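Residue-level structural notes
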Amino acid sequence: MATLADQDQDFSVLPDLPADVFTAPLRKPAHVGEDWIEPAQTRYGTAEDAIWNDLYERQMDVLPGRAASAFMAGLQKLPLGQRGVPDFNELSEELGYLTGWSVVPVPMLIPDHVFFWHLANRRFPAGNFIRTRETFDYIQEPDVFHDVFGHVPMLADPVYADYMQEYGRAGWKAMRYNRLKALGALYWYTVEFGLILEGPDDVRAYGAGILSGPTEAVFSTEAKSPNRIMLNVDRVMRTDYVISDLQPTYFVIESFEDLYHQTVERDFDRLYRNLPPAFTYANAAVIDVDDVLHRGTQEYLLRGGRGSGAKPI
Ligand SMILES: [Fe+2]
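The protein appears in an unreviewed UniProt entry as Phenylalanine-4-hydroxylase from Tsuneonella flava. Listed under Catalytic activity (unreviewed entry) in UniProt, the entry text for the protein is "(6R)-L-erythro-5,6,7,8-tetrahydrobiopterin + L-phenylalanine + O2 = (4aS,6R)-4a-hydroxy-L-erythro-5,6,7,8-tetrahydrobiopterin + L-tyrosine". Heading Sequence similarities (unreviewed entry) of the UniProt record for the protein holds this comment: "Belongs to the biopterin-dependent aromatic amino acid hydroxylase family."

So, in structure tokens, the structure goes:
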């Protein structure tokens, strides 16, 4: 059966990157091996633990009622609270018990094929540093708070945990078709900025990019500005996205089973063959096939977005 991932692929070994696949050039630090895993997690001091605790507290002011129930349940089940930066071994033990996932420290952004390989083996690579007080509100590179607080609670959900593994396994096929950008858009609009409909008019966030910051948790679920459109995989993989500002469009799933069926159980060979090499739709576009929950006013964008100092809501 043609699916998201190649079924006969050996996922236990790190794949070679095909020569014609372009990925961002990243210099591997000398102290890590081919798996890019740090020999040990950073030992954080009191000041850094306090940053974690303050970030945690800030999120807990906005997330109840806005974060997906599965995320809040994951937070409860895992040792992620106000005890400083979590110990990855302790966290992995609990998570392993729940869904078989573990969390491993990596120095920074890692190459796509290494990232896919870890996910395919149920290892979540997490940043080995925490932001400073000066960069408390916004960071370019994902730190341990984004990676662990934002992503790990969702990995306690069995269906979502399977989706993430399948996403990692999908990397090989996307590389073979040279469609990593399209697969990246799927990650962006689900794992980082996904919303879920939990009841009529009850839209919640499950994406880590939303859940690890205070502004977007409110903006994505409540503001009039952005579009909220039901997820359609073909459409999403043709859609451009914004890296350094709030999203003009969010895509909404009905359930994690819905996400799993829409992605894992469909013919990606055909999809990749039909995909153009570049994105077709602008990030703020609403197109005729869309099942629109909320058509955004895009007022935040029209006022100039982040660079202008415009208030998101
Ligand atoms: Fe992330």
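The structure having been displayed, the exposition proceeds.
Turning our attention to the side chain of Asp258. Summarising the element assignment, Asp258 is placed in helix H11 (residues 256–264). One polar contact links the side chain of Asp258 to the main-chain amide nitrogen of Glu254, over a distance of 2.8 Å.

This part takes up empty space enclosed by the protein. Any space left empty among the atoms is revealed by the rolling of a water-sized probe across them. Applying the stated criterion to the full structure yields 1 cavity of 30 Å³ or more. If you go around the largest cavity, the residues you meet are Phe219, Ser225, Pro226, Leu246, Gln247, Pro248, Gln298, Tyr300 and Leu301. Its residues assigned to classes, the lining of the largest cavity comprises 6 nonpolar, 3 polar and no charged.

Summarising the sheet, strand E3 (residues 195–199) and strand E4 (residues 202–205) pair through 4 bridges and their orientation is antiparallel. By the bridge assignment for E4, Ile196 is matched with Arg204. Across 2 bridges, the pairing between E3 and strand E6 (residues 249–253) is parallel. Directly across from Ile196, in E6, lies its bridge partner Ile253.

Of note, Ser212 is situated in the loop between helix H8 (208–211) and helix H9 (214–222). Along the primary structure Ser212 and Gly150 are separated by 62 residues, whereas in three dimensions their C-alpha atoms are 4.9 Å apart. Setting aside its immediate chain neighbours within four residues, Ser212 contacts Gln59, Phe145, His146, Phe149 and Gly150. One polar contact links Ser212 to His146, side chain to side chain, over a distance of 2.9 Å. Of note is the side chain of Ser212, whose polar atom sits 2.7 Å from the backbone oxygen of Ala208.

Let us now look at the coordination of the iron ion. Around the iron ion, the protein supplies His146 (NE2), His151 (NE2) and Glu192 (OE) as donor atoms, at distances of 2.0 to 2.1 Å. Each donor residue of the iron ion belongs to the same chain, and together they define the spacing H-x4-H-x40-E. In this structure, His146 and His151 share a single accessibility class: buried.

Glancing now at helix H5 (residues 144–151). For H5, the tally of buried residues reaches 8 of 8 residues, placing the bulk of the element in the interior. Residues Val144, Phe145, His146, Asp147, Val148, Phe149, Gly150 and His151 constitute the buried set of H5.

Definitions and cut-offs
Residues numbered from 1 in each chain as written. Predicted model: local features only at pLDDT ≥ 70, side-chain atom pairs only at ≥ 80, totals over all residues. Heavy atoms only, no water. UniProt positions renumbered as here; feature names shortened; annotations may be inferred. Helix = DSSP H or I, 4+ residues; strand = E, 2+ residues; numbered from the N terminus. Polar contact = N/O pair within 3.5 Å; in protein donor to acceptor, adjacent residues only side chain to side chain. 1 Å grid on protein atoms, 1.4 Å probe; cavity = no way out; pocket = protein on both sides within 12 Å on 5 of 7 lines; lining within 4 Å. Points joined across faces, edges and corners; volume = space filled by probe spheres on them. Nonpolar A, V, L, I, M, F, W, Y, C, P; charged D, E, K, R; others polar. Pairing = 2+ DSSP bridges. Contact = heavy atoms within 4.5 Å. Donors = N, O, S within 2.8 Å, 3.2 Å for Na, K, Ca; no water. Buried < 20%, exposed > 50% of the residue type's maximum accessible area, 1.4 Å probe, protein only.

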